[in-house]
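This is what each chain is made of:
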Amino acid sequence: YSLRVQLLNEREGQIHTLLKMAINLADYYQGQVQSGKMSLEEAQAQAKIAIGKFRDKSNYIFVRSVDNIILVHPTKKIGSVDTDKQPDGRTLSEIYAAALKINKMGVVKILTPKPGEKTNSLKLNGVSLYEPWGWVIGTGFFIDDINIS
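These lines cover the structure that appears in this document, whether it is placed above or below. Model, not experiment: these values are computed from the prediction.

1. Quick look at the overall build of the chain
Secondary structure summary: the chain contains four helices and six strands in total. Listing the helices and strands of the chain from first to last along the sequence gives α-α-β-β-β-α-β-β-β-α. On C-alpha atoms alone, the chain measures out to a radius of gyration of 16 Å, which is about the 15 Å that the 2.2 N^0.38 rule sets for 149 residues. Principal axes of the C-alpha set define a box for the chain whose edges measure 50 × 35 × 30 Å. Residues classed as buried in the chain amount to 40% of the 149 residues present. In the chain, of all internal contacts separated by at least 6 residues, the share reaching a separation of at least 24 is 48%. With the model as given, the accessible surface of the chain reaches about 8500 Å², and the carbon-plus-sulfur share is 53%. In the chain, the 19 positive side-chain charges and the 15 negative ones have mean positions that sit 2 Å from each other.

2. What to know about the side chain of Asn 68
Relative to the helices and strands, Asn 68 resides in the loop between strand S2 (59-65) and strand S3 (70-72). Its relative accessible area of 8% is what places Asn 68 among the buried residues. At 2.5 Å, the side chain of Asn 68 forms a polar contact with the side chain of Arg 64. Every residue in contact with Asn 68, bar those within four places of it in the chain, is listed here: Ser 80, Val 81, Asp 82 and Ser 93.

3. Re the nonpolar core
Core analysis: the biggest nonpolar cluster contains 24 residues, and Tyr 29, Ile 51, Val 63, Tyr 130, Trp 133, Trp 135 and Ile 137 have the highest contact counts within it. Sorting the residues of this core by element identifies helix H1 (3-34), helix H2 (40-52), S2, S3, strand S5 (120-130) and strand S6 (135-142) as the ones contributing at least two each. The element contributing the most residues to this core is H1, with seven residues. Those residues within four positions of Trp 133 in sequence are excluded, and the remaining contacts are Ala 26, Tyr 29, Gln 30, Leu 40, Ala 43, Gln 44 and Ala 47.

4. Topic: the packing of aromatic side chains
All told, the structure shown has four aromatic pairs when counted by the stated rule. Residues Tyr 28 and Tyr 29 carry aromatic rings whose centres are separated by 5.0 Å and whose planes lie at 75° to one another, so their mutual orientation is edge-to-face. According to the relative accessible area criterion, Tyr 29 is buried, its value standing at 13%. On the basis of an interplanar angle of 25° and a centroid distance of 5.7 Å, the ring pair of Phe 62 and Tyr 96 is categorised as stacked. You can see Phe 62 sitting in strand S2 and its partner Tyr 96 sitting in helix H3 (residues 92-102), a full 34 residues away along the chain. Both residues of the pair, Phe 62 and Tyr 96, belong to the buried class.

5. A closer look at H2
Over its 13 residues, H2 extends 18 Å from the first C-alpha to the last, a length consistent with the 18 Å expected when each residue adds 1.5 Å. For H2, the elements touching its buried residues are H1, S2, S3 and S6.

What counts, and at which threshold
Residues numbered from 1 in each chain as written. Predicted model: local features only at pLDDT ≥ 70, side-chain atom pairs only at ≥ 80, totals over all residues. Heavy atoms only, no water. Helix = DSSP H or I, 4+ residues; strand = E, 2+ residues; numbered from the N terminus. Rg over C-alpha atoms; globule rule 2.2 N^0.38 Å. Buried < 20%, exposed > 50% of the residue type's maximum accessible area, 1.4 Å probe, protein only. Contact = heavy atoms within 4.5 Å. Areas by Shrake-Rupley, 256 points an atom, 1.4 Å probe, with all protein chains shown as cover. Lys, Arg positive; Asp, Glu negative; His and termini not counted. Charge placed at Lys NZ, Arg CZ, Asp CG, Glu CD. Polar contact = N/O pair within 3.5 Å; in protein donor to acceptor, adjacent residues only side chain to side chain. Core = buried A, V, L, I, M, F, W, Y, C linked by side-chain atoms within 4.5 Å. Phe/Tyr/Trp six-rings, centres within 6.5 Å; stacked < 30°, edge-to-face > 60°. Expected span 1.5 Å × (residues − 1).

Everything listed is a geometric property; what it means functionally is a separate question.
What follows is the structure in structure tokens.
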């Protein structure tokens, strides 16, 4: 059992915790809809604002619709369709959908630039499907530091 595996497992655990927090937040707002306290549109708008606040430096939670429209992201255009492709030719949306077919919370490795950089770095991303709204909620951590150590 190596230090690298242990560190990757810790990052994966952190991803799962952050995703559970975001799902719990969406559940709260969905409960507001079900109780008649908010409209669906109002609840989703409030949830997007709250989820967008879960961030620091290069860590954040993102939301996209199941049809790949960016709903919450610190650097990508909200309302746009993400067409970025990974080296295997698949879009992130395709990679996330494949991971979610295997597990309710999918974890994948992707290549993407760190904030302010142009070259790609290895990142461990986790996604979870929030079925009531058709949202894919995700977060991740760069892991190039683990590969160096």
